[in-house]
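# Understanding the architecture of this molecule
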Amino acid sequence: MNETLPYDVHRLRELAGEIIINVRELAALGWTPATSSNFSHRLDDAHAAITVSGRDKGKLREGDIMVVDMAGRAVGSDHRPSAETLLHTQLYSRFPDVGCVLHTHSRAQTIASRLFAGAGHVRLEGYELLKAFRGNDTHEAAVDVPVLPNSQDMPTLAAQVDALFDRGPLWGYLIDGHGLYAWGRDMAEARRHLDAFEFLLDCELELRRLTAGH
Ligand SMILES: CSC[C@@H](O)[C@@H](O)C(=O)COP(=O)(O)O
Ligand SMILES: [Zn+2]
């Protein structure tokens with residue numbers, strides 16, 4: 001522990017490296033257009049490492065990762081944390097086993113959010129890949145991905161998200177016209193969930209294209 005900073009600086013550097021490597025891969029897939037998207041990892045019980053607001057997520061460097069407390073306030077940095085920090089810290093605060101939160105704006109996520117906003121969810125059913133979600137051990141499961149109305153007011157959005165948690169286990173949600181939030185115990189699990197959502201949403205969109213007019 002550093003004398004002046006209330007968190008482990010070495011752990012922060014380690015996590016920053018992990019975030020940078022993973023986010024470069026996501027950016028290369030085209031899932032973080034035009035400085036969109038944000039990413040975080042729990043640092044300790046009271047802090048999270050998160051991307052600085054407005055940075056090109058495909059070109060992140062160590063200085064683009066900063067620390068916030070669980071109320072979303074910057075700690076030991078003059079930078080502005082992600083505009084959506086509250087959507088990350090609410091997960092860390094409520095669920096001790098959430099260690100990593102990933103938010104992306106891929107085409108499939110954005111289009112699906114528009115298409116299914118009226119229904120309020122996207123039903124993913126019958127896919128072998130549903131087993132990628134923690135706790136699912138069969139394709140015979142159905143996962144409803146909630147679609148929330150977008151808002152620039154983070155407390156409003158966070159309250160909508162909070163209401164979802166009473167319904168049962170959840171690994172992610174869509175925001176209408178915006179993108180996807182996915183999370184997991186650590187980076188590997190959050191990536192697996194994010195990748196599974198992307199693949200399955202893309203399948204649903206393609207199925208609709210192929211069956212349109214039939
Ligand atoms: C560039 S528009 C996207 C932003 O409004 C927001 O949704 C986003 O994902 C990135 O915000 P940021 O403040 O950089 O974390
Ligand atoms: Zn966003």
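Treat the numbers as computed from the prediction; the structure is a model and nothing was measured.

## Comments concerning the confidence of the model for the protein
Model confidence for the protein is summarised by a mean pLDDT of 97, while 99% of its residues fall at 70 or above. Predicted complex metrics record ipTM = 0.98 and pTM = 0.97.

## A short note on the UniProt feature "domain: Class II aldolase/adducin N-terminal" (unreviewed entry) in the protein
UniProt records the feature "domain: Class II aldolase/adducin N-terminal" (unreviewed entry) at residues 17-205, using the numbering of this structure. Structurally, residues 17-205 comprises 32% helix and 23% strand, and the distance from its first C-alpha atom to its last is 34 Å.

## A word on the nonpolar core
Formed by 42 residues in total, the largest nonpolar core has its most connected members in Ile19, Ile65, Val122, Leu124, Phe133, Leu174 and Phe197. Take this core: its biggest share by element is 8 residues, from helix α5 (residues 187-211). In contact with Leu124, not counting residues within four places along its chain, are Leu130, Ala141, Ala142, Val143, Val145, Phe197, Leu200 and Glu204.

## Considerations on unusual backbone geometry
A positive phi angle, near 55 degrees, is found at Ala34, a position not held by glycine. Topologically, Ala34 is positioned in the loop between α1 (9-28) and β1 (38-44). One non-glycine residue, Ser37, lies in positive phi territory at about 85 degrees. Relative to the helices and strands, Ser37 resides in the loop between α1 and β1. A residue is classified by how much of its surface remains accessible, and Ser37, at 4% relative accessible area, is buried.

## Re the UniProt feature "binding site: Zn(2+)" (unreviewed entry) in the protein
Within the UniProt annotation, "binding site: Zn(2+)" (unreviewed entry) is assigned to His103 and His105. Its location among the elements puts His103 in strand β4 (residues 100-104). A polar atom in the side chain of His103 sits 3.1 Å from the side chain of His105. Leaving out residues up to four positions away in the same chain, His105 has contacts with Trp31, Pro33, Ser36, Ser37, Thr110, His178 and Gly179.

## Here's the deal with the site of ligand 1
In the neighbourhood of ligand 1, 14 residues make up the surrounding shell, with Ser37, Ser53, Gly54, Ser82 and Glu84 lying closest. Contacts to ligand 1 include Ser37, whose backbone N or O atom sits 2.8 Å from an oxygen atom. Within the side chain of Glu84, one N or O atom sits 2.6 Å away from an oxygen atom of ligand 1. In isolation ligand 1 has 420 Å² of accessible area, and contact with the protein removes 74% of it. Classifying every residue of the shell around ligand 1 gives 2 nonpolar, 10 polar and 2 charged.

## Some points on the packing of α1 against α5
The axes of two packed helices give the description: the angle between them and the distance between them. Two numbers describe how α1 lies on α5: the axes approach to 12 Å, and their chain directions differ by 15 degrees. As judged from the angle between their axes, α1 and α5 are roughly parallel. For α1 against α5, the interelement crossing comes out right-handed. On α5, the residues touching Glu18, Ile19, Asn22, Glu25 and Leu26 of α1 are Met187, Arg191 and Leu194.

## What to know about the pattern of salt bridges
In the structure shown here, the tally under the stated rule is 18 salt bridges. Salt bridges sharing common partners tie together Asp97, Arg134, Arg185, Glu189 and Arg192.

## Details of the packing of helix α3 (residues 107-115) against α5
Remark: α3 packs on α5, axes separated minimally by 9 Å, with the N-to-C direction vectors making an angle of 55 degrees. One finds that α3 runs oblique with respect to α5. Between α3 and α5 lies a crossing of left-handed hand. Across the interface between the two elements, Ala108, Gln109, Ile111, Ala112 and Leu115 from α3 touch Leu194, Glu198, Leu201, Asp202, Leu205 and Arg208 from α5. Split into classes, the residues belonging to the contact of α3 with α5 amount to 7 nonpolar, 1 polar and 3 charged.

Here is what the cut-offs are and how they apply
- Residues numbered from 1 in each chain as written.
- Chains lettered and ligands numbered in written order.
- Predicted model: local features only at pLDDT ≥ 70, side-chain atom pairs only at ≥ 80, totals over all residues.
- Heavy atoms only, no water.
- pLDDT = per-residue confidence, 0-100.
- UniProt positions renumbered as here; feature names shortened; annotations may be inferred.
- Helix = DSSP H or I, 4+ residues; strand = E, 2+ residues; numbered from the N terminus.
- Core = buried A, V, L, I, M, F, W, Y, C linked by side-chain atoms within 4.5 Å.
- Buried < 20%, exposed > 50% of the residue type's maximum accessible area, 1.4 Å probe, protein only.
- Contact = heavy atoms within 4.5 Å.
- Polar contact = N/O pair within 3.5 Å; in protein donor to acceptor, adjacent residues only side chain to side chain.
- Near = heavy atom within 4 Å.
- Areas by Shrake-Rupley, 256 points an atom, 1.4 Å probe, with all protein chains shown as cover.
- Nonpolar A, V, L, I, M, F, W, Y, C, P; charged D, E, K, R; others polar.
- Axes fitted to C-alpha atoms, helices over the stretch in contact; angles between N-to-C directions.
- Parallel < 35°, antiparallel > 145°, perpendicular 65-115°, else oblique.
- Left-handed = near helix turned anticlockwise from the far one by under 90°.
- Salt bridge = Lys/Arg side-chain N within 4 Å of Asp/Glu carboxyl O.

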